[in-house]
Amino acid sequence: MTPSVQARRFMAGLFPLAALVAVLPLWVENPYYLNVLNLTALHVLVVTGLNLLIGFAGQISLGHAAFFGLGAYVSGILSAGYGVAPWLALLAAVGLVCLVALAIGVPVLRLSGNYLVMATLGFNIIVNVILVQLEDLTGGSSGYVGIPSLSVAGVALDTDLKFYWLAWGLALLGLVPARNLAHSHVGRALRALHDSPQAARACGVPVASYKIRIFVLSAAYAAVAGALYAHYFGIVTPKTFDIFKSVELVTMCLVGGMGSLWGGLFGAAFLTPLPQLLHVFQEYQDVIFGGVLLLLLLFLPQGLVGWLEETLARRGLGGIRPPLDAQPPAPREDAP
Amino acid sequence: MPSGSALLQFALSGLTTGAVYALVALGYTLVYNATRVVNFAQGDFLSLGGLLMYSLLFAAGLPLAPALLLALAGAALAGAGLERLCLRPAKSRDIMVLIFLTVAASILLRGGMKHLWGKQALALPPLSREVPIRVLGAVLTPQNLWVLGITLAAILGLVFFFGRTTLGKAMRAMAANPRAAALMGIDTRGLTTLSFALAGGLGALAGVLITPLTSLSYDVGLLMGLKGFAAAVLGGYGCFAGAVAGGLGLGLLESMGAGLLSSAYKDVIAFVVLLAVLFVRPQGLFGSREGQR
Amino acid sequence: MNTLLAVRGLSVSFGGVVALDNVTFSAEAGRITSLIGPNGAGKTTLINCVSGFVRPDRGEADFAGRPLLDLPAHRIIGLGLARTFQQLRMFSRMNVLENVMVGLHGRMRRGFCAAMLRFPVLRREERALAERAMAALAEVGLARAAGKPAGALPYGDQKRLALARALASDPRMVLLDEPVAGLNPAETRELADLILAVRDRGVGLVMVEHDMSLVMRVSDRVVALCSGRTIAEGSPAEVQRHPEVAAAYLGGGKEFGLCA
């Protein structure tokens, strides 16, 4: 399949989705549901970046909620506390998060994948504790309030519906560069370095540099989503950005299908409303959530989209994701 | 500069929590050696141990020793169940999927504990009457001594198990080279389940020992589990001696740091240590250099 | 004498174990130089030093006059020096064509930003890359397998794929680490013919091998290592007759595998 055919296939998927997104508000008026949809859009944004890191480069981060949270807090504090214009605050937040990601990524990414999980987990916890402890700056565990909305062309995005357009617009837009990267020679190099970093080096792939760049890129996606979150909800609390959030985000990638951008989207769309739906079950909420997750991971490790693709392929219909994954993953090179 | 007795106080309390971290870290080590998986449910075994002990003492009215043994057995069963039901049936053997299966199991386990025992904090009584003991100006309670003593006994027991018994040696063989071990007729699947069971028991022991000193609830083990993880990394992830050294070391660092620097940031210390170790010496104190490029 | 790869006084130890001890050797353009020696002699370590995967403690190495030892591994192929691995190291998630295209990664001048924004020039470059990769596959006889998952190929074909991946960027020299290990005699013969054909079109080859008949058949020069030191160097016949080489491999009064 040539790249241009693949590109057309992707756009073929993107347009109906965009159409659906455009039309959905006609039916959905309940602000509660719009709220969930908006949160889903933000999750899609984070998961797109995270999926590039996990699915393509094969590096696992359990700290992306920290990048999400830092994006939210920095943008929120700059705009509400220091009067910086919200869009500028967003840019500043993204810039800062990229620097932080660089600072962590450089020392840790030279190690094997397991260490990145540990480091990002530790980082997330540290960020959380600091957010709680620096009460004067961040408002502590009760949160930081009074964050202004973003405005577009003079219109303040202060309702669920108005924000919906921005959130989904950016979420869908964010898919495009991610997809372009995935299907390019860089995407190929990332998959290569996932399978065999040594062979990738021998082929001229600058493994260390690429790992760091994709890590920073994924952090940038999370930071954008975080800043949007802050300017939408108007309030941010540390609890929203704890390690459970990180786990949730990675789970969205896994459930949808690693390395599949559509998978990430479906994962976010599936798992964001799920806790809200399960709220009905009160006591059994966690048990059901854990159980669903368990069953999915046990029996559909290729994720929902992966399963869908395999089923379609078996019936002779084409796949949607970048080339072949007919084999189960080879044992990791760093596995002893 | 704090007084000598204050320092001693910090050291003693540090060693106490350190011993508990060591037990948790040993649990991680056992599972990692058997399967290369990081068991994210390890902290939940701690909560489970405490909660089971509580029910066995109060709901079932059992005396101390049987309650303790049954609590450990119950958690060991949970560990074995985790491996048997949540890991072994997995279609994919990708390490990341397996790790996230333990995450899912952890959520399930915690949800179950929350459902059965509720969200409120419970009080688990210490193992013996709390009579303060004065040592060179520092104050100990018998529970401190129990923690240190029982942890020491557990470590010695594990040393004996792995060094002298056939089963233990078989597990070491499996850790060194699973395929060769299987070819030698070692039941690697059974031993994997056993590793998880032992990890469950160790976690539960940690829970029973520490929760009288802190508090007990369905999620008390979470943070302890993560700190135990940091302790394992400090000592050298996957290394037995490292787990013990890392546990005690982290406990001391935490206690000294909280006492001398800032108690507000106490919880951060463990993770700053974690990051520092990973940045500077990822193999920890005693680990080998595998996994580095 | 057209020396392309020159190694002087290379020494490496790991922990307390000496892997290479003051090794000096050279390989010419358009010739096949074989490295032989018992297991643990340091052959793969030598390859790893020259290809940037191991930092030696002492010594120098250059390729076409350019110093090698201060370069990171991913820069080596840019000089025109490619390599294969003893353990294959296929990109098993990709198909055959993509595996070879990774070998051409250095040819793409643009990076992340251009890729994300899908600059039009990339499309042209990708097409050129795919054509070049197909040519490399055709050279090793794998053109019809281009779309298959790399992991699904039979072992012999995977060995050829490794070679194609190394040849894709048109290197001046290729380091082959045990190219026929695990192949049956028929496959070995085919790969030997392929290696000779590659040599005949001007590519230099440094081959680490245990298969003596292959070494004798294709080599222009042979270097024998033992316990990290060169013990013999010359034409295949000369090295074969060398007493120390016989001793290293066969014993001959001295302990098996140990050298003077």
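**As for the overall build of chain A**
The helix and strand tally for chain A stands at 15 helices and two strands. In terms of its C-alpha atoms, chain A occupies a principal-axis envelope of roughly 50 × 45 × 45 Å. Residues classed as buried in chain A amount to 57% of the 336 residues present.

**Here we look at the overall build of chain B**
The secondary structure content of chain B amounts to 11 helices and two strands. The order of α-helices and β-strands along chain B, N terminus first, is α-α-α-α-β-β-α-α-α-α-α-α-α. Computed over its C-alpha atoms, the radius of gyration of chain B comes to 19 Å, within 12% of the 19 Å expected for a compact globule of 293 residues. The proportion of buried residues among the 293 residues of chain B is 53%. Considering only contacts in chain B between residues 6 or more positions apart, those separated by 24 or more positions represent 75%.

**So, the sheet that holds strand S1 (residues 3-14) of chain C**
Residues and elements named next belong to chain C. The strand order across the open sheet built from four strands is S2-S1-S4-S5, with neighbouring strands paired in antiparallel fashion. Edge positions in the open sheet fall to strand S2 (17-28) and strand S5 (66-67), since each of these has one partner strand only. Bridge analysis of S1 against strand S4 (residues 58-63) gives five bridges, and the strand direction is antiparallel. Note on S4: the bridge partner recorded for Ala 6 is Asp 62. Of the strands in this sheet, S1, S2 and S4 are in contact with helix H1 (residues 43-50), which crosses S1 at around 115°.

**Things to note about the sheet that holds strand S3 (residues 32-36) of chain C**
All names here are of chain C. With mixed pairing, six strands are arranged side by side in an open sheet as S6-S7-S8-S3-S9-S10. Bordering the open sheet on either side are strand S6 (81-83) and strand S10 (229-234), each of which pairs with just one other strand. Going from strand to strand, the sheet's axes swing by 15° on average, the running direction of each strand aside. In the sheet, strand S7 (residues 173-177) pairs with strand S8 (residues 204-208) via five bridges, with the strands oriented parallel.

**Section: the packing of helix H1 (residues 4-35) of chain B against helix H8 (residues 188-210) of chain B**
What describes two packed helices is the angle between their axes and the distance between those same axes. All names here are of chain B. As a packed pair, H1 and H8 sit with axes 8 Å apart at the nearest point and diverge in direction by 170°. Accordingly, the angle class assigned to the pair H1 and H8 is roughly antiparallel. Along its contact with H1, which presents Val 20, Leu 23, Val 24, Leu 26, Gly 27, Leu 30, Val 31, Ala 34 and Thr 35, the element H8 presents Leu 191, Thr 192, Ser 195, Phe 196, Leu 198, Ala 199, Leu 202, Gly 203, Leu 205, Ala 206, Leu 209 and Ile 210. Of the residues that constitute the contact of H1 with H8, the class distribution is 16 nonpolar, five polar and no charged.

**Considering the interface of chain A and chain B**
The interface of chain A with chain B comprises 39 residues on the first partner and 40 residues on the second. Residue assignment for the side of chain A that touches chain B shows that the elements contributing at least two residues are helix H4 (86-108), helix H5 (113-133), helix H11 (243-256) and helix H14 (285-299) of chain A. Across the side of chain A that touches chain B, the residue classes tally to 27 nonpolar, seven polar and five charged.

**Some thoughts on H14 of chain A**
A rise of 1.5 Å per residue sets the reference length of H14 of chain A, with its 15 residues, at 21 Å; its end C-alpha atoms lie 21 Å apart and thus fit the reference within 8%. Considered for burial, the residues of H14 of chain A that qualify are Asp 286, Val 287, Phe 289, Gly 290, Leu 293, Leu 294, Leu 296 and Leu 297 of chain A. At its buried positions, H14 of chain A is contacted by H11 and helix H13 (273-278) of chain A together with helix H3 (64-87) and helix H4 (95-117) of chain B.

**Points about the interface of chain C and chain A**
Residue-level contacts link 34 residues of chain C with 30 residues of chain A. In terms of residue class, the side of chain C that touches chain A is built from 16 nonpolar, 10 polar and eight charged.

**Overview of the pairing of S3 of chain C**
All names here are of chain C. The element S3 is extensively covered by neighbouring structure, given that five of its five residues are classed as buried. What you see with S3 is no split at all: Ile 32, Ser 34 and Ile 36 on one side and Thr 33 and Leu 35 on the other are buried throughout. Pairing geometry for S3 and S8, over four bridges, is parallel. Bridge pairing in S8 links Ile 32 to Leu 205. Two elements, S3 and strand S9 (residues 221-226), share four bridges in a ladder whose sense is parallel. Among the inter-strand pairings, Leu 35 is bridged to a residue of S9, identified as Val 223.

**Things to note about unusual backbone geometry**
At Arg 36 of chain B, a residue that is not glycine, the phi angle is positive and equals roughly 65°. By the secondary structure assignment, Arg 36 of chain B is in the loop between H1 and helix H2 (42-59). Even without a glycine there, the phi angle at Ala 64 of chain C is positive, about 50°. Structurally, Ala 64 of chain C is set in the loop between S4 and S5. Using a count of 16 C-beta atoms within 10 Å as the deciding quantity, one classes Ala 64 of chain C as partly exposed.

**Topic: the pairing of S4 of chain C**
All names here are of chain C. Sheet topology places S4 next to S5; two bridges connect them, and they run antiparallel. Counterpart to Phe 63 in the pairing with S5 is Arg 66. Count of turn residues in the S4/S5 antiparallel hairpin: two residues, of which Ala 64 carries a positive phi of about 50°.

**Side note on the environment of Leu 109 of chain A**
Residues and elements named next belong to chain A. Looking at where Leu 109 falls in the secondary structure, it is placed in the loop between H4 and H5. Note on Leu 109: 24 C-beta atoms within 10 Å, which makes it buried. Each residue touching Leu 109, except ones within four places of it in the same chain, is listed here: Leu 116, Ala 208, Lys 211, Ile 212 and Phe 215.

What counts and what doesn't
- Residues numbered from 1 in each chain as written.
- Chains lettered and ligands numbered in written order.
- Predicted model: local features only at pLDDT ≥ 70, side-chain atom pairs only at ≥ 80, totals over all residues.
- Helix = DSSP H or I, 4+ residues; strand = E, 2+ residues; numbered from the N terminus.
- Buried ≥ 20, exposed ≤ 12 C-beta atoms within 10 Å, placed from the backbone.
- Rg over C-alpha atoms; globule rule 2.2 N^0.38 Å.
- Contact = placed C-beta atoms within 7 Å.
- Pairing = 2+ DSSP bridges.
- Axes fitted to C-alpha atoms, helices over the stretch in contact; angles between N-to-C directions.
- Parallel < 35°, antiparallel > 145°, perpendicular 65-115°, else oblique.
- Nonpolar A, V, L, I, M, F, W, Y, C, P; charged D, E, K, R; others polar.
- Expected span 1.5 Å × (residues − 1).

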